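Commentary on secondary and tertiary structure
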Amino acid sequence: MANPVPETTRVVASHLYDFAACEHRIALDTRLDRARRTPPDDAMRLLAEHGRRFEEKIARELGYPEVRVEEDDWERAARDTLDLMRRGERGIYQGVLLDGRRLARPDLLERADGESAVGSWHYVPGDVKSAVEARSDGALQVGFAGLLLEAVQRRHPAHGFLILGDGSRWWFETGSIRRSLEDSLERVEAIAEGREDTFPFFSRHCGRCRWRDACLPGLVARRDASLVWGLTRTRRSVYARHGIGTVDDLARSEATALRRAGAPTDGLESLKRQARALLDGKAVAVRAVDLPEGAPREHYVRIETDPLDPGDAFLVAWGSGGPRGGPLAETGVALGGGPAERVAAFRSLAAALGGGREPVFHFGRQTARALDSLGREARIEPAVLGALEGRLVDLSPAVRNAAALPVRLYRFEEVAAFAEARPLPEPGEPDDALFVTFALLRESADPDPLRERLSAAGRDAVVSLRALRRFLAERAR
Amino acid sequence: MSPAGVAPGAGIWERLELLLHREANAVALGHRELLALPVEERVERGECLAGLRLLGEEADGTLRLECPENLSKWRRGDGLLLRASADEPGVKVVYEGFDVEARVLRVRRSPWGGTGAVNREIPLRLDPEPVSLHEVALEAIRALRFRRDAAAQAARAVLEGRADVAIAPRDEEYAEKLLTARPYAGLEDSKRAAFVAAVAKRPVALVQGPPGSGKTYLAALAVSALARRGERVLVTAFTHRAVNQVLRKLAEADPGCDAVKVGPPHGTDDLEGTAVLAVRSMGAVPPPAPRRPQVVGAVVLGLGKILGTARFDRVVFDEAAQVPLAFAPCGFAVGARFLLVGDHRQLGPIVQGEHDDPLASLSVFEYLAAEHEPSLLRTTWRMNEGINAFPSRCFYGGQLEPHADAAARRFPLVPGGPFDAILDPGLPAVVATVHHEGFRTRCEPEARAVADLVADLLIRQRLAPGDVAVVSPFRAQIREIRTLLQRALRPAGKELPVVDTVERIQGQEREAVVVSLTASDPEHLAGEQAAFFFSPNRLNVTLTRARTKLVLVASRHLFRALPPAFDDLRNADLFRRLYRELPRVDLTSRYIEDGDRRR
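In this report, we go over the structure that sits alongside the text. (Residues numbered from 1 in each chain as written. Chains lettered and ligands numbered in written order. Predicted model: local features only at pLDDT ≥ 70, side-chain atom pairs only at ≥ 80, totals over all residues. Heavy atoms only, no water.)

1. Some points on the overall build of chain B
When helices and strands are counted, chain B shows 20 helices and 24 strands. Along the three orthogonal principal directions, the C-alpha set of chain B runs to about 75 × 55 × 45 Å. Expressed as a percentage of the 599 residues in chain B, the buried residues total 59%. Residue pairs at least 24 apart in sequence account for 74% of intrachain contacts in chain B once pairs closer than 6 positions are excluded. With the model as given, the accessible surface of chain B reaches about 23,200 Å², and the carbon-plus-sulfur share is 49%. Computing the positive centroid from 80 side-chain charges and the negative centroid from 78, chain B places the two 3 Å apart. (Helix = DSSP H or I, 4+ residues; strand = E, 2+ residues; numbered from the N terminus. Buried < 20%, exposed > 50% of the residue type's maximum accessible area, 1.4 Å probe, protein only. Contact = heavy atoms within 4.5 Å. Areas by Shrake-Rupley, 256 points an atom, 1.4 Å probe, with all protein chains shown as cover. Lys, Arg positive; Asp, Glu negative; His and termini not counted. Charge placed at Lys NZ, Arg CZ, Asp CG, Glu CD.)

2. Structural notes on the sheet that holds strand 6 (residues 119-128) of chain A
Hydrogen bonds between backbone atoms are what pair the strands of a sheet, whose relative direction is either parallel or antiparallel. All names here are of chain A. If you walk across this open sheet you meet the 5 strands as 2-5-6-7-8, and the pairing is mixed. The sheet terminates laterally at strand 2 (91-93) and strand 8 (169-173), the two strands that pair on one side only. Ignoring strand direction, the axes of neighbouring strands in this sheet form an average angle of 30°. Across 3 bridges, strand 6 lies against strand 7 (residues 159-163) in parallel orientation. Looking at the pairing, D127 lines up with L162 of strand 7. Helix-sheet contacts for helix 4 (residues 74-87) involve strand 2, strand 5 (108-116) and strand 6, and the interaxial angle to strand 6 is about 125°. (Pairing = 2+ DSSP bridges. Axes fitted to C-alpha atoms, helices over the stretch in contact; angles between N-to-C directions.)

3. Side note on the side chain of R109 of chain B
Residues and elements named next belong to chain B. You can see R109 is positioned in strand 5 (residues 104-109). Side-chain polar atoms of R109 contact the side chain of E57, separated by 2.8 Å. In this structure the side chain of R109 is engaged in a polar contact, spanning 2.7 Å, whose partner is the backbone oxygen of G116. Excluding its chain neighbours within four sequence positions, the residues that come into contact with R109 are E57, G61, L63, V91, K92, V93, G114, T115, G116 and V118. (Polar contact = N/O pair within 3.5 Å; in protein donor to acceptor, adjacent residues only side chain to side chain.)

4. Regarding the environment of L279 of chain A
All names here are of chain A. Within the secondary structure, L279 sits in helix 11 (residues 268-280). Using a relative accessible area of 31% as the deciding quantity, one classes L279 as partly exposed. As a C-alpha pair, L279 and R223 span 56 residues in sequence and 9.1 Å in three-dimensional space. Ignoring sequence-local partners within four residues, the contact set of L279 consists of R223, V247, D248 and A251.

5. Considerations on the packing of helix 3 (residues 42-62) of chain A against helix 17 (residues 433-443) of chain A
All names here are of chain A. Interhelical geometry of helix 3 versus helix 17 gives an angle of 60° and a closest axis separation of 10 Å. The angle between helix 3 and helix 17 falls in the class oblique. The hand of the helix 3/helix 17 crossing is left-handed. Each of D42, A43, L46, L47 and R53 in helix 3 lies in contact with helix 17, whose residues at this interface are F435, V436, A439, L440 and E443. Residues of the contact of helix 3 with helix 17, tallied by class, amount to 7 nonpolar, no polar and 3 charged. (Parallel < 35°, antiparallel > 145°, perpendicular 65-115°, else oblique. Left-handed = near helix turned anticlockwise from the far one by under 90°. Nonpolar A, V, L, I, M, F, W, Y, C, P; charged D, E, K, R; others polar.)

Set out below in C-alpha cells:
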C-alpha cells in the first residue's frame, strides 16, 4: 500500500465484521482516505436507516443515558463512560471503551452483579441488530467490547448479548469464542498496522462494500482468478505462488504439475471448468442430471424474503405448465407485508399447487425455508405441509451438477439471466433490489407502480425458473 | 429449558408430526436427489458402490462380491439394492461386511424382495434402499396423544416436560440392597449412584455414559434388577446391534434372567451361540418360565404392532442419544416408566434432509436431559489421563476421570525411530503439524505423514493392526491413506488397520489412534462443511477412541476458519483450544517442500 499507516489508526469492532467478510477492507480502511469510498446506494441507506431506527427504538425503551462523542474526542467519551460505570448506571447507551489503539463502542453496556474496579458491580456488553438470527460477526464484535471492558473494569464479562430484530435477547458466553476472537484480532491488528499484506478478492461481499470501486474495476480488468466461483482466498494465495493469478491461468493450469509442486489439486477440475466457462461465456457441461419426469404438470415457485429475516416473505410467485416446455399456463403473485397478507399469499399458493405429487421447482434454500415458515404461520396441518414440502425440487444444486456456467456467484439472478440468454448482472451488483422496492412500497404515497414492479419481478422469476428447468432438461440423460 | 428453540410443552406433538411428514418426504426426496447425482459422486459420498462383480452365493443367501474399494457409509443390517443400473428394480439385500484384504463384500438377500437372479457377467452396483418408517412413528404419536390410560398419561407428561421425577423409597431400598450381592456388587461410586437412580427414579431416569464408562453393562444390571423385581421390561434402541449388546451383557451378568430378542433374521444373527432367544414377532415371545424373570428386546421401529397398550412396566432405551426424538414415542407408547441410557455428547441421530427446526436432529436423550439431570458415570476404563483430560474438561465438566489402571497406562514405545517425539509415552495426546495450505478434502503430504507414522506403529512399534485406527472426516483422504498404507505394509506382510470415518468406530477403542484432519482451506471449511467438520460430538468421539496414544495430524491453517453461524464458530473455537492446549510436534519440513511453505 502506498500510504504509511497513521499512528492514530485505531482498531474498532467493525474491523472484525470486515475481517469476517473481507480482510482487505481493513487495509483499505486504515490506509486510504475514506472519502474515496463508494457512496451508499438506496439499499444501503435503507438498511442503515432501518438499523438506526430499530436501535433508537430499543434505546428509547431502555432509557439508558447516552454517551456522545464531541469533535472526535474519544478519550473524553471514554472518561464519560467510565464515570457512568462508576456511578453504577443500570445501563449505558453508546458507551466508549478505549484500550491503547483499540476502540469499542457497544450499543449497550448493562450492569451485572459481581465486583470489579468500578464498584461492587460490573458491566456486560451488548449490541442491537436488526437481523433475527445471531451471527458470528455480531458475537465477535460484542466479544471485542468484552476484551476492552476487561481492561477498563478489570473483570472480563462472562457473557455478552445481542438484541435481535424480533426484540429477543440472545446471550452467549464470551469465553466460548475467545480464541477465535483473539486470533482474529491479532490478524486484524497486523493488517491495520501494515505488518501483514492483503490483496483484493472478489466475493459476494463486494456488492455491499463501500470500497468496491477501489477494487472491482481492477479485478475485472485483469480477470483476477478470484472471479472464478469456488476459489477461496487461501487457494487464490497458494495458486499465486505457483504462477496462477488470472482466470486464464486457472483455465490452463495442469493438475499434475501442481501436484508435483505440492499445491492442492482437490477440486481443481471443477475450478478449471468454471474458469473456462467464464472465458468462453458458455456453459461447460459437467454431467447429465436426472430431474423428476412424467408428471402432467410442473410447478415453479419463487419466494423473496427480508434479507434480515428469512421467515418474513414479502413476495410469493408461482406458475405452472406442461412438462414439454412452452409458456406457463398459469402464474400468480401475492405480496406479503404482515401476517394476514402472508397467510393469504400462502393459501393462494397452496391452492395453485394443488394436492397431488407434481414436482414444484424452486431455486435455493431460501424458498424452501420461507415456504415452511409460511405454512406454519398459516397453521396448515403437518401432513399437508409435509407433503407439499416433499414435492420441492431445488434446481440450485442441479445447475451446479449439470454445468459450469459463466457466472460468478451462482445467484438466482445470474443463473436465470444465463438460462434466458440475457445479459448477466455486473460483478458486484447487489441482489437485494426487490427488497429495496418492497421497503419503499411500505413508505410510498403512491404504491401502485411499485406493486406492479414487484409483481412483474415475481412473474419474471417463475418464467426464469421454467427456462432453467428447460436448460437442465436439455442436459438430462 | 431444552436446547435452543425446543421448549417442552403440549405443542411438541404438532412439531413432531410436521417433522415426521417432512422427514418422510425428505427420505423420498433425498433419495431422488441422490439418484440424480452421477454414480461417481455418489460413490465419493459413500452412498453407492460401483464396479462390483458377483463371485458366488452361499446356501444361506449370502452373496460375495468383488469390491475394489469400499468407501460406503453402510453398516451391517442396512437395506440395499443390488443391480446393474438405476433402471432396474434390483435385488433387495442387506449389508453384511467387507473384507479389506480380500476386497470381498458380503451382502445377504433380504427376506422381503431378495429373490431374483444376479448377473455374474456384468458390473454391478449397490444403492441404498429407500425406506421410510415414519408411519410407525406417526401412529405412536397418535396412540400416545389419544389413549386415556395412566401409562399413556405418564408418558405424555414426560415428553411434554410436565413429569415430576421422584425416587420411590422402596425401590431405592431394593436397589441399595442389591448392591451388596453379585452381580451388582463392586461397582464404583458413580455407577452405584446411577444404578440406584435407574431402578428407583420414576417415571423417568437418565444415565449418561461417557466413552469407556461401561454404560451398557450398567444398563444390563439395571434391567436385571428391574426384571427380578417382577417388572415386565423391554430393552429398545434404534439399531438391532445396540439392543443385542444389552441382551448379551444381561445374559452374561445374570444367567438366571431370560432374554428374548424380537426381530428379523439379520437383526438377531449376532446372537447365535448366546443364551438370548431370538423370535420373529412379539406374538412368538414365550411366556416367562416359572420363577425366571424375562426381558424382551426389540428395536424402536419394530414396536409398531403393540402401540395400542402399555405392555411393559419399564422401557429401557439404550444408546438413547441415537434415538431421534421423533421416533421415541414408539418406545414411550408401550411402557409406563422409562430408563434412558446414552450420551448426548457423542454422535447423535442421523437425519436425512435439511431441517431448520432444531427438533429434527435432537435425540430423546438430549431432549430429556435438559429437563432431568442425568446420572453421570464418571469413570472411564479406556483412556489414560493425558487423553482423557481435554474431552473431560470440554464435554463432561471435568467430571470424567480415568480408572487408576487406565490412568497409568502408557504407550509402549520402542525408541530409536523417526517419530519418537510424537510417540513419546509422556505425551499421550499430541498434535503433529504439517503446515500445508489450501487443501480441502484430500491432502497428499498429510496422508504421507499419516501413512509413515502408522507404518512405524505397526512395524517398529509392533502394534497389531487391531490395536490401531486411522480416522479422517473425508473419504477422499481415507482412500489416499489406504493406498499409501497398502504400499508401505504389503512388503512387510502387515495387514491394514481400520482407516475410516469416526462413525465407523463409535463404540470401539484402540491402543493408538491417528487422526488426519486434512483440511487447510479455512474459507472452504467455514462454508457448507462447517457444521459437519466442527461438530463437537464428532470431535468428542474422535478424541476418545484411544487408550494410550492419540495423534492429531493437522495444519495450522485449519484453525483459522471463521464460520458465519455462531454455533459453528463456537465449535470451531473448541478446535482452536485443542490446538493451543495439546503439545505440538512439527513434521512440516519432512513433508512440504521449502517453496510451498508460508509464514
